[in-house]
Amino acid sequence: MGRTAGIWPYVCMAPALAAFIVLEIVPALGTSIFSLTDYSGLPHAPIRWVGIQNYIDLLTGGQTFLVRALQVTAIFSLLVTVVQNGLAVLIAWLLNSRLRGQISVRALIFMPVVLGATVNGLTWYVMFNPLGGPVTLALGELGIRANLLGNAATALYAVIWVQIWANLGFSMMVYLAGMQGIPTEVYEAGKIDGTSPWSAFRHLTIPLLAPSITINVLLAIIGTITGFELIFVLTDGGPAFTSQTLGMWVFNQAFFSNNRLPGYAASIAMVQFVLVFAIALVAQYYLRRREAVL
Amino acid sequence: MYVSRRRLLGSLALGAGASVVLAACGQSSAPSPAATSAPAKPADSKPAASATSAPAAAAPAAGGAGPVTINVIAWNSGSSAEAFKNAMSQINEQFKQKRPNVTVNFEPLGQGATWTNAQMARIAGQTADVTATYGFAPQDIINFQPDTQFLDLSGLASIKSFDQTNVARFMTWKGKVWQMTLAYVGHIVWANEDMLAKYNLKHPTTYAELQSMCDTLKSNKEMPVFYAAKPQNALNRLASQIEMTVGRPKHPNFWADMLVQGKADFTTPEWIESFKRAKEFSSKYFDPAFSGIDYPTGAGLFATGKYAMWPEGSFSGGDIIAAKPVFQKLGAFNAPFSDDAAANAVQPVYGDIGWAGLKYTKSPDMVLEWIDFFGQKEYFKSFMQVLQYYPTQAVELTGPVPQAEAPLLQKTAVSKVRLALPGMTYDNTWSELLLSDQYTPERYAAYVQKNFDDSRPQWQKYIGMFDADWAKLYFS
């Protein structure tokens, strides 16, 4: 008969749980309540209960911006999820070796993750400057006149690039950890059967990475649907609202001076929550079914 | 119960790991700080903004002998931020001589959306006693609910020093004065006079003359027009100038009708012509990179002398001078986007920076005294001399900026730039027309009308809030 840990795990988890409830659950509940009011954010201003009026306004009066925000969010989320994860798997596979310098390369790729959205955003804001940013100058040498963040056709894709660049390191580390957890006997057995490195990657590594894929894909989907920090720094949702995702729209509706409507913004946030919940549920169900168990 | 060190350490590690996972889960694709669903303290992330920490709370003493702290917040005014801050320091030092027990903390909080977020955070957290405000457009009145949020300034002695039309227009609501609007601003075209003189060009008075001038400059390989449209909000100056000169003369009561009756037709020939000229002018004569040029760098870039003109706010004059332009003479003219010279002589203007005392302040008497002090002619003039905006008192300002602007104020009318009601889906910047090719002027007019009509349920509740007499005064 072994000893049990008793209540100690719960005691240790309690502070984190309390912080999570206070900083995440309570504000989320607050948002859901505010979405049913005409809350303005001003002290002592009366808060009136409006029921589902904000949602009706969103679906009727705000449909142009809602549809556009959903379209932009879909493109943003899909491209970031697919490209970021595809690149991360490839890089992790290449780094999953005993080559010299691989630790330094890993650190370099991971560095943007620790720098944060503001630093990453400002870095690329300068890089993309149309009057002398390094990227603009480099493209100019190739005969291309670039205004990547100011051009309605390219702004969203420039933001997508920065989002991928900023978060690639995290995905890579998760995949690397997953790859390092795969027993070597699996590859040895494959070698005996005459499996090529590429076949081993496709038919052994990828299926066995399923749990890592699930985590990374879910985080990417959730992060891109709800996030707005990089977009705020790079384009503020412009030009001409071409990079205004749902998250950015919520921010602008809540805080932008001409149209400060926190109650209405809360209703958009609730729609966003339902969307994220539904998509994450479906994605998780599908991905879990594909997880291989050794 | 015995707990081994190993088991304890393991539990601590589990707890720490669980907190990281729970905090990061669902927020971002990487473990970086994430947005929450509640209004968060704003981050000053734009290059021109200054990061500040929260100010100390006002002390509870209401005047008298006890120490009092008044926290004053305003936006960061770009290139002239340092001069603004110095001017504030000087006035606050004078006030301290009068009231030694009072300390006035002034905090500039960024520009644009950064300022707005920071302002709301301070007001919601009740950590500011006085806030700078924009000058009392309908959306300000709706957003700020001045009769519930601001102190009544009607009894201040210095209010009598102000031009009473400006008091009625830019400071008064429901018969009381709610903010001391120090300045109003307009939309004009700044000119590099050295470049114009080089090609013997005079200030244009009609659209044809403006086009001809730009064509001359282009044929001499000069860049006619500078614009910095990032963020796109800066495009509202161009839209304001074109609406005033092309659209307004045909329908002078357009905005009053919208505010009072809720009626507006954006598909009339004059609106379509306005959209057409905006698109045509920006496509032909603007720097092609204009949509990516950072607005806070605008004054500095114009000061490099590479451009002939900059359709912009009068408030940027001080910033241009502060950037030490390479050209000798800075000029200005009213934007001539119409074929009618008389219509082009009307400058769109609107109320700008003012001080409002917040009702929740613990030192209302001292706040009122400070605002009153600021409004006295001597201090008002010293501040306006730094700011170089149009003063709301009859004072004479000196310098190249007031000199250039003075002839342009013969005729003014309130700009459309701050007249959209909260909830109204109307883009003041016309950005989808100017920054993309998805709309022709005609289709854009129909699109604007559709958005106006579809969003009606959200803003209809404000119709009736502004009566015809107020609208007539505001637009007079």
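Conventions used here
- Residues numbered from 1 in each chain as written.
- Chains lettered and ligands numbered in written order.
- Predicted model: local features only at pLDDT ≥ 70, side-chain atom pairs only at ≥ 80, totals over all residues.
- Heavy atoms only, no water.
- Helix = DSSP H or I, 4+ residues; strand = E, 2+ residues; numbered from the N terminus.
- Buried < 20%, exposed > 50% of the residue type's maximum accessible area, 1.4 Å probe, protein only.
- Areas by Shrake-Rupley, 256 points an atom, 1.4 Å probe, with all protein chains shown as cover.
- Lys, Arg positive; Asp, Glu negative; His and termini not counted.
- Charge placed at Lys NZ, Arg CZ, Asp CG, Glu CD.
- Expected span 1.5 Å × (residues − 1).
- Contact = heavy atoms within 4.5 Å.
- Pairing = 2+ DSSP bridges.
- Axes fitted to C-alpha atoms, helices over the stretch in contact; angles between N-to-C directions.
- Parallel < 35°, antiparallel > 145°, perpendicular 65-115°, else oblique.
- Left-handed = near helix turned anticlockwise from the far one by under 90°.
- Phe/Tyr/Trp six-rings, centres within 6.5 Å; stacked < 30°, edge-to-face > 60°.
- Salt bridge = Lys/Arg side-chain N within 4 Å of Asp/Glu carboxyl O.
- Core = buried A, V, L, I, M, F, W, Y, C linked by side-chain atoms within 4.5 Å.

(A) Representation of the overall build of chain A within the structure. For chain A, the count of helices and strands is 13 helices and zero strands. Listing every helix and strand of chain A by position from the N terminus yields α-α-α-α-α-α-α-α-α-α-α-α-α. In terms of overall dimensions, chain A has C-alpha extents of about 75 × 70 × 30 Å along its principal axes. Relative to its 294 residues, chain A shows a buried fraction of 51%. Total accessible area on chain A is roughly 14,700 Å²; 71% of this is exposed by carbon and sulfur atoms. Each charge class in chain A can be summarised by its mean position, and for the 13 positive and 10 negative side chains these summaries are 5 Å apart.

(B) Up close: helix 10 (residues 210-226) of chain A. End to end, helix 10 of chain A covers 24 Å across 17 residues, agreeing with the expected 24 Å (1.5 Å per residue, within 8%). With 14 of 17 residues buried, helix 10 of chain A is to be regarded as a mostly interior element.

(C) Region of interest: the environment of glutamate 396 of chain B. All names here are of chain B. Looking at the element boundaries, glutamate 396 is found in the loop between strand 12 (390-391) and helix 17 (400-405). In this structure, the C-alpha to C-alpha distance between glutamate 396 and lysine 381, residues 15 residues apart in sequence, is 8.0 Å. Residues within four places of glutamate 396 in sequence aside, it is in contact with Lys381 and Gln385.

(D) Structural view of the pairing of strand 11 (residues 346-357) of chain B. Residue and element names in this part refer to chain B. By the criterion of burial, strand 11 is predominantly enclosed, with twelve of the twelve residues buried. Bridging between strand 3 (residues 130-135) and strand 11 involves five bridges; their strand directions are antiparallel. Bridge pairing in strand 11 links threonine 131 to alanine 356. Where strand 6 (residues 180-181) and strand 11 come together, two bridges link them in antiparallel fashion. Directly across from threonine 181, in strand 11, lies its bridge partner glycine 354.

(E) Quick look at the packing of helix 9 (residues 236-247) of chain B against helix 11 (residues 269-285) of chain B. Residue and element names in this part refer to chain B. Where helix 9 contacts helix 11, the axes come no closer than 9 Å and their chain directions differ by 135 degrees. Here helix 9 lies oblique to helix 11, going by the angle between them. Both helix 9 and helix 11 take part in a crossing whose hand is right-handed. Contacts between helix 9 and helix 11 involve Leu238, Ile242, Glu243, Val246 and Gly247 on the former and, on the latter, Glu270, Trp271, Glu273, Ser274, Arg277 and Ala278.

(F) Highlighting the packing of aromatic side chains. Residue and element names in this part refer to chain B. Scanning all chains against the criterion turns up 61 aromatic pairs over all chains. For the ring pair phenylalanine 84 and phenylalanine 383, a centre distance of 5.3 Å and an interplane angle of 80 degrees mean the geometry is edge-to-face. One end of the pair, phenylalanine 84, is in helix 2 (residues 81-98); the other, phenylalanine 383, is in helix 16 (residues 377-387), and 299 residues separate them in sequence. When its relative accessible area of 3% is taken as the criterion, phenylalanine 84 is described as buried. The exposure class of phenylalanine 383 is buried, given its relative accessible area of 1%.

(G) Fine view of the packing of helix 12 (residues 246-255) of chain A against helix 13 (residues 262-290) of chain A. Residues and elements named next belong to chain A. One can describe the packing of helix 12 onto helix 13 by two numbers: an axis separation of 8 Å at closest approach and a directional angle of 165 degrees. In terms of axis orientation, helix 12 runs roughly antiparallel to helix 13. The element helix 12 and its partner helix 13 pack so that their crossing is left-handed. Residues Leu246, Gly247, Trp249, Val250, Gln253 and Ala254 of helix 12 lie in contact with helix 13, whose contacting residues are Pro262, Tyr264, Ala265, Ile268, Ala269, Gln272 and Leu275.

(H) Inspection of the pattern of salt bridges at higher detail. Residue and element names in this part refer to chain B. In this structure the tally under the stated criterion is 14 salt bridges over all chains. For the salt bridge of aspartate 140 with arginine 418, the shortest nitrogen-to-oxygen distance reads 2.6 Å. Taken together, the residues aspartate 140 in helix 4 (residues 138-144) and arginine 418 in the loop between strand 13 (411-414) and helix 18 (431-434) connect sequence positions 278 residues apart. Sharing partners across several salt bridges, the network here consists of Lys98, Arg99 and Glu369.

(I) View of the nonpolar core. In terms of nonpolar packing, the biggest core is built from 194 residues, with Trp355 and Trp370 of chain B touching the most fellow members. In this structure tryptophan 370 of chain B touches Ile70, Val72, Met88, Asn92, Phe95, Val104, Val130 and Trp355 of chain B, once residues within four positions along its chain are discounted.

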